[in-house]
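Structural description and commentary
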Amino acid sequence: MEQKRPGLIRSLQRRLEQKELSCRELTEEYLKAIERDNPALNAYILTTRLAALETAERVDARLAAGEKLLPLEGIPMTLKDNISTDGIETTCCSKILKGYTPIYDASVWGLLKKNNAVLLGKTNMDEFAMGSSSENSCFGGSKNPHNTERVAGGSSGGGASAVAGNLAAYALGSDTGGSIRQPASFCGVVGLKPTYGAVSRYGLIAYASSLDQIGPIAATVEDAAAVFDAISLPDPMDSTCRGKQSAVSGILTGEIEGLRIGVAKEYFDGIKQPEVAAALEKAVRTYEKLGAKIVSFELPILKYALPVYYILACAEATSNLGRYDGIRYGYRTENYKNINEMICKTRSEGFGAEVKRRIMLGNYVLSSGYYDAYYKKAQNLRGTIVKAFQSAFEQCDVILAPTVPMTAFPVGFTGQDQVETYLTDICTVPVNIAGLPGVSVPCGRDGKGLPIGMQLIGNSFREGIILNAAYAFEQRDEYLSECFSKVEMGVKF
Ligand code: GLN
């Protein structure tokens, strides 16, 4: 298949290798664009200018010496602020961690750093990754580059806003219940949540450990595949991580003849915007034209996914967030009479409203008397959801679903009704519950020009299959006119 939409990373690396521009010039372009456009987007909460230029110079020296570029080398990128960076403040966008500077790198950043990835800065997110608009950040929310009166999504909203607004070539985010795919869908970029265990979480500040995964947000499918390949290695520091099964970049052919694409009606039931339903129906027909076989089936268990997710995620968050007590690091209240009061006031003042709500919910579902009624029941249902997906993958290779039942919310929407906000996670959480890989790719636009995302879900460690299906969709002639809306921001190529 002829490549109509080349990856940004590969085309930038080619320009560096052909000496069309130096890595320093490229990095300076991005830094200038951040200075100009970040005030409107609030994608970055911190930039690492000096370190970025230092890395760029190292890359230029290697190029001058005739060395070949390593994967992702010299490409300006960004990290979500829950990914630990040695010597660079890492706050999870929470007051309780302001001023905290890790003394070690998350394994994913260690891997990229070794390849001279150019870190431009840290990106905005909902506090401790809890939210769907990034407005739960203590730095204020990130805006959508397609329309700054809309949110960028969350919780990795800053990363998606930076990539869509051309303020970074790619970003790493984390996805516990949709936080990579949902902002990617809202901002019209590609977001991959890898299989649980494919990418190391060492150094990722934990939200819900049985659900969290790190993955890329990128401009194209090829870029997402390249970043996934670079970060999905086994890690002795994370016992849950075994790495990918095989590299995915090399298998992007766009050839999907005979691929069985499953469509479960339950995923489509909750769609709130007719334009979203229409774009997805069109995507199904497109796949049919490309040679895929459409298989319809039912997944009635999906109706339990949202309550299961919110019970388990809050329970795990309660435990993970117990460590923020003002004793060892981070924020500490100023006035207190004894240690109990110190811890109590530190946590009351340091955490935002949504984080406190979830800690209370989590304690509630774990407390004696309620444990069996909520937590245990949710764990049992989790097993049933895992089995339902396993039998679905006996009938199909990929499941096609909406990423979000709507396009980007107006700024301020998520602050109004929490339950309404939780409901918007309905299509993304099942993948985390079952530990599966899922990718969101743009598949259309609504009447206001806002991007619509499509989600492709695969069986465990089948990132290659879903990325190849996404690639086939993205490389069509019609993709540009139907799905792609360029924004007038950031670095121009
Ligand atoms: N919106 C979901 C939540 O608030 C997902 C967040 C995430 O994936 N980190 O829990």
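The structure under discussion appears in the preceding block.
Predicted model only: the values in this text are computed from it and were never measured.

**So, the overall build of the protein chain**
- Secondary structure summary: the protein chain contains 17 helices and 13 strands in total.
- At 21 Å, the protein chain has a C-alpha radius of gyration in line with the 23 Å of a compact globule built from 493 residues.
- Taking the principal axes of its C-alpha atoms as reference, the protein chain extends roughly 65 × 55 × 45 Å.
- Looking at the 493 residues of the protein chain, the share that counts as buried comes to 61%.
- Sequence-distant contacts, at least 24 apart, represent 76% of the contacts inside the protein chain between residues at least 6 apart.
- By element, 52% of the accessible surface of the protein chain is carried by carbon and sulfur atoms, the whole surface being about 18,500 Å².

**Quick notes on the environment of Gly110**
- Within the fold, Gly110 resides in helix H4 (residues 107-114).
- A relative accessible area of 23% places Gly110 in the partly exposed class.
- Gly110 sits 83 residues away from Lys193 along the chain, and the two C-alpha atoms are 20 Å apart.

**Some points on the packing of aromatic side chains**
- One pass over the structure, following the stated rule, counts 16 aromatic pairs.
- Residues Tyr104 and Tyr202 carry aromatic rings whose centres are separated by 5.2 Å and whose planes lie at 40 degrees to one another, so their mutual orientation is tilted. One end of the pair, Tyr104, is in the loop between strand S2 (76-80) and H4; the other, Tyr202, is in the loop between strand S7 (190-193) and strand S8 (213-218), and 98 residues separate them in sequence.
- By relative accessible area, which is 31% here, Tyr104 ends up partly exposed.
- An angle of 85 degrees between the planes, with centres 6.4 Å apart, marks the rings of Phe473 and Tyr479 as edge-to-face.
- Clustering of aromatic rings is evident, with ring pairs tying together Tyr100, Phe128, Tyr324, Tyr329 and Phe351.
- Lying across the ring of Phe139, Lys98 places its NZ or CZ 4.9 Å from the centre.
- Over the face of the ring belonging to Phe473 we find Arg476, whose NZ or CZ atom lies 4.1 Å from the ring centre.

**Digging into the pairing of S2**
- Counted residue by residue, S2 has five buried out of five residues, so it is predominantly covered.
- Sheet analysis places S2 next to strand S3 (residues 118-123), joined by five bridges and oriented parallel. Directly across from Lys80, in S3, lies its bridge partner Thr123.
- Regarding the hand of the β-α-β motif, the stretch spanning S2, H4 and S3 is right-handed.
- Taken together, the three bridges between S2 and strand S6 (residues 170-175) define a ladder with parallel strand orientation. Of the residues in S6, the one forming a bridge with Thr78 is Ala171.

**Details of the sheet that holds strand S9 (residues 260-264)**
- Pairing is mixed across the open sheet formed by 11 strands, whose spatial order is S1-S3-S2-S6-S8-S7-S12-S13-S11-S9-S10. Two strands lie at the open edges of the sheet, namely strand S1 (44-47) and strand S10 (293-297), each paired on one side alone. Strand-to-strand twist in this sheet, taken as the mean axis angle between neighbours without regard to direction, amounts to 30 degrees.
- Sitting on the sheet, helix H2 (residues 23-41) is in contact with S1, S2 and S3, with an inclination near 20 degrees to S3.
- Across the sheet, helix H13 (residues 371-395) touches S9, S10, strand S11 (398-402) and strand S13 (451-458), and the angle it forms with S11 is around 115 degrees.

The rules behind these values
- Residues numbered from 1 in each chain as written.
- Predicted model: local features only at pLDDT ≥ 70, side-chain atom pairs only at ≥ 80, totals over all residues.
- Heavy atoms only, no water.
- Helix = DSSP H or I, 4+ residues; strand = E, 2+ residues; numbered from the N terminus.
- Rg over C-alpha atoms; globule rule 2.2 N^0.38 Å.
- Buried < 20%, exposed > 50% of the residue type's maximum accessible area, 1.4 Å probe, protein only.
- Contact = heavy atoms within 4.5 Å.
- Areas by Shrake-Rupley, 256 points an atom, 1.4 Å probe, with all protein chains shown as cover.
- Phe/Tyr/Trp six-rings, centres within 6.5 Å; stacked < 30°, edge-to-face > 60°.
- Lys NZ or Arg CZ within 6 Å of the ring centre and 35° of its normal.
- Pairing = 2+ DSSP bridges.
- Right-handed = clockwise from strand over helix to strand, strands pointing away.
- Axes fitted to C-alpha atoms, helices over the stretch in contact; angles between N-to-C directions.

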